[in-house]
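Geometric and topological summary
Residue-level listing of the chains:
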Amino acid sequence: MIVKGNAWDGASFLSKAMRSFGFSVGSADADLDVSRDVLEYRSRALFNNAPFAGAAIETKCLNVVGTGLKCRPKLKAEMLGITREEAKEYEKKIAALFEVWAGDKDCDAERENNFYQLQDLALKTQLICGDCFGLRCFHEVPSSPFTLCIKLLEGNRCQNPSGQASNRKLAMGVESGENGDVIAYHFSKYPNYDVQNRSKCMETVRVLAFDSFGYRNVFHVFNQDRPNQRRGVPWLAPVIVLTKKQGQYVDSELIAALTRSFFNVFVKHNGQQTVTNPFVGNVDPAQRETPMPTQQVDSSTGIVVQDARRSAVEMSAGGIIDLGMNEEIQVAERHTANDTYSAFIDSVLTEVSARLGMSMEMVLKKFNTSYNAVRAAILETWKMFKKARMNLAADFCQPVYDAFIDECVALGILELPGYNDSLKRKFWHRCSWIGDAPVMLDPQRETAALKMQVDEQFTTRHDVVTQINGGDYDDNLEILAEEMQAREDRNLPEPGTVNKTESVSTSVIDDEAQRKKDEDDSDG
């Protein structure tokens, strides 16, 4: 007789290892609908209080955004019906206009950040909350020729109207059509649990995802892990439990180490109690670990049921503690330092880092191994940074850039041939987003590698200049030309053509040797 069973042990419900293995069978929206808010609040708590979690998020923002993702227009001249020279002129003009808008804080609806600071804030909000929303807004300010501005919202402000449960059409504040395409978002009028009018956070406003011309009104920054997923998951969600327990373990070890460092003298009295102030105790109230006790009275009878007015005795650095009458101490077992602490913490943090797609060295800024090992750790982590940079550019930077070009055309600042054609409009919107380069462990070696890539035409000088210091190659050419002209006017040699060691020291020695030889020849 053939008995049908599970071909995979992981699907068994009979083995002891799998018998208590629970799992969720819900869709992406169903799973997130019941868990997203709690995950967001706990992720924010870890970012605020857990050193490693906060360092991981800050490290990712620093490397993905850094000084900002710079826009480099890249137009296809043949598709736009213009010459290559005309395309270069348009690229320079568009880049200059966007730099003026992006570098000014008027691009922020709150007028607090420029566009590059908004990139960092949007990414950080997405990592903590799971997603970040940007609203395309318009305001007229005397200091700016543009009206376009961006308003960022935290993820928890996207929610269903009060009293409305999630369904296939509307879930977690995102309204979708029959094909799953997003139609509108519902946002609370004010931040949740604001400093005043907390009830107002339940009032929502419906914002269309696209306007009547098909342009985006809302920029949704999040990572989609499953099909049909409307909202993002906080980046720390898979490691919340492990990170919290690691923090508790570190706190316990710190308290143990602190206790071992204390030296205290206990004075025992066989006669009258001599504690100077039993209400305060032996430690200053500002430095106490336990709160000041209070007298507890039965409210019905007025009788004191627990007189806890005497403060608990606490150990302190170099403390001299008076004991009460007929009191004595019991010394607990003294534990030595935990020799396995460092290895255990490294093991836990390595596992957490791997789940986040990073190396522990990058998060802790701890580079104490070989050059090859450190470089491998940086390169592996940068694979994740490049992917995150691509996602941020696609979700936030590029849609904002498209909206900026649209406004420039509408205001008459730019005159782009064929812009009303939807296909040509896409080509007018083409650009690349370039961020900071990875840290150089060996600048000489890595600069030589970049030069080799340029020589072999694997990359361009424009991209390399932007990667190294965020500059612009065309600006560098103009400045270098001015410097060259200034040197020629002053009859100065070109930098690098004069080797001081060779031209001064060596030539002087050679001249002296030649002079002596000439003198010997003349004497002979």
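Look a little higher up for the structure.
The following paragraphs examine the structure supplied in this document. Worth saying up front: this structure is predicted, and the values here are computed from it rather than measured. (Residues numbered from 1 in each chain as written. Predicted model: local features only at pLDDT ≥ 70, side-chain atom pairs only at ≥ 80, totals over all residues. Heavy atoms only, no water.)

1. Thoughts on the side chain of Asn63
Tracing the backbone through its elements, the reader meets Asn63 in helix 3 (residues 51-64). In contact with Asn63, other than residues within four places in its own chain, are Met362, Trp382, Phe385 and Arg389. (Helix = DSSP H or I, 4+ residues; strand = E, 2+ residues; numbered from the N terminus. Contact = heavy atoms within 4.5 Å.)

2. As for unusual backbone geometry
For Met172, which is not glycine, the phi torsion reads 55° and is therefore positive. Tracing the sequence through the fold places Met172 in the loop between strand 4 (170-171) and strand 5 (174-176). The exposure class of Met172 is buried, given its relative accessible area of 8%. With a phi angle near 55°, Lys365 is a residue other than glycine that sits in the positive phi range. Relative to the helices and strands, Lys365 resides in the loop between helix 9 (360-364) and helix 10 (371-411). (Buried < 20%, exposed > 50% of the residue type's maximum accessible area, 1.4 Å probe, protein only.)

3. Re the pattern of salt bridges
Proximity of charged atoms lets side chains of opposite charge pair with each other. Here the structure, examined in full by the defined rule, presents 20 salt bridges. The partner of Arg44 in a salt bridge is Glu154, and the shortest N-O contact between them spans 3.6 Å. Pair noted here: Arg44 is in helix 2 (residues 28-49) and Glu154 is in strand 3 (residues 148-154), with a separation of 110 residues, a long-range link. Close ionic contact of Glu110 with Lys151 constitutes a salt bridge, the shortest N to O distance being 2.4 Å. Within this pair, whereas Glu110 is found in the loop between helix 5 (84-102) and helix 6 (115-129), its partner Lys151 is found in strand 3, the two being separated by 41 residues in sequence. For Glu110, a relative accessible area of 45% puts it in the partly exposed group. Classification of Lys151 by relative accessible area gives partly exposed; the value is 22%. (Salt bridge = Lys/Arg side-chain N within 4 Å of Asp/Glu carboxyl O.)

4. Concerning the environment of Val205
Tracing the backbone shows Val205 in strand 7 (residues 204-208). For Val205, a relative accessible area of 37% translates into the label partly exposed.

5. Description of helix 3
At 3.6 residues per turn, the α-helix brings residues three or four places apart onto the same side. Compared with the 20 Å implied by 1.5 Å per residue over 14 residues, the 20 Å span of helix 3 between its first and last C-alpha is a close match. Here helix 3 lies mainly inside the structure; 10 of its 14 residues are buried. For helix 3, the secondary structure elements touched by its buried residues are helix 2, helix 6, helix 7 (240-261), helix 8 (341-355), helix 9 and helix 10. (Expected span 1.5 Å × (residues − 1).)

6. Concerning the packing of helix 3 against helix 6
In the contact formed by helix 3 and helix 6, the axes pass within 10 Å of each other and the chain directions differ by 145°. Seen from above, helix 3 lies across helix 6 with right-handed handedness. Contacts from Ile57, Glu58, Lys60, Cys61 and Val64 in helix 3 reach Asp120, Leu123, Lys124, Leu127 and Ile128 in helix 6. Of the residues belonging to the contact of helix 3 with helix 6, the class tally is six nonpolar, no polar and four charged. (Axes fitted to C-alpha atoms, helices over the stretch in contact; angles between N-to-C directions. Left-handed = near helix turned anticlockwise from the far one by under 90°. Nonpolar A, V, L, I, M, F, W, Y, C, P; charged D, E, K, R; others polar.)

7. Here's the deal with the sheet that holds strand 3
The strands that make up a sheet are held in pairs by hydrogen bonds between backbone atoms, and each pair lies either parallel or antiparallel. Strand order across the open sheet formed by three strands is 3-2-8, with antiparallel pairing between neighbours. The open sheet has two free edges, formed respectively by strand 3 and strand 8 (218-222), since each of these has just one partner strand. Neighbouring strand axes in the sheet, compared pairwise and without regard to direction, differ in orientation by 25° on average. Against the sheet, helix 10 engages strand 2 (131-138), strand 3 and strand 8, with an angle of about 165° to strand 8. (Pairing = 2+ DSSP bridges.)

8. Here's the deal with the pairing of strand 3
In terms of residue burial, strand 3 counts as a mostly covered element, since five of its seven residues are buried. With seven bridges joining them, strand 2 and strand 3 adopt antiparallel strand pairing. Along strand 3, the bridge assignment pairs Cys137 with Cys149.

9. Focus: a nonpolar patch on the surface
There is a patch of nonpolar side chains on the surface, built from Phe13, Phe21, Phe23 and Val25 and spanning about 510 Å² of accessible area. As for its position among the elements, Phe21 is in the loop between helix 1 (16-19) and helix 2. (Patch = residues over 30% accessible without salt bridge, like charges linked within 9 Å, V, L, I, M, F, W, Y side chains within 5 Å. Areas by Shrake-Rupley, 256 points an atom, 1.4 Å probe, with all protein chains shown as cover.)

10. A look at a negative patch on the surface
A surface patch of negative charge is lined by Asp475, Glu478, Glu482 and Glu483. Note on placement: Glu482 falls in helix 14 (residues 473-489). (Lys, Arg positive; Asp, Glu negative; His and termini not counted. Charge placed at Lys NZ, Arg CZ, Asp CG, Glu CD.)

11. Re the nonpolar core
Counting 75 residues, the largest nonpolar core has Phe98, Trp101, Phe115, Trp235, Phe396, Phe404 and Trp433 as its most contacted members. Looking at this core, the element that brings in the most residues is helix 10, giving 16 residues. By size, the runner-up hydrophobic cluster in this structure holds nine residues, among which are Phe133, Leu153, Cys158 and Phe187. (Core = buried A, V, L, I, M, F, W, Y, C linked by side-chain atoms within 4.5 Å.)

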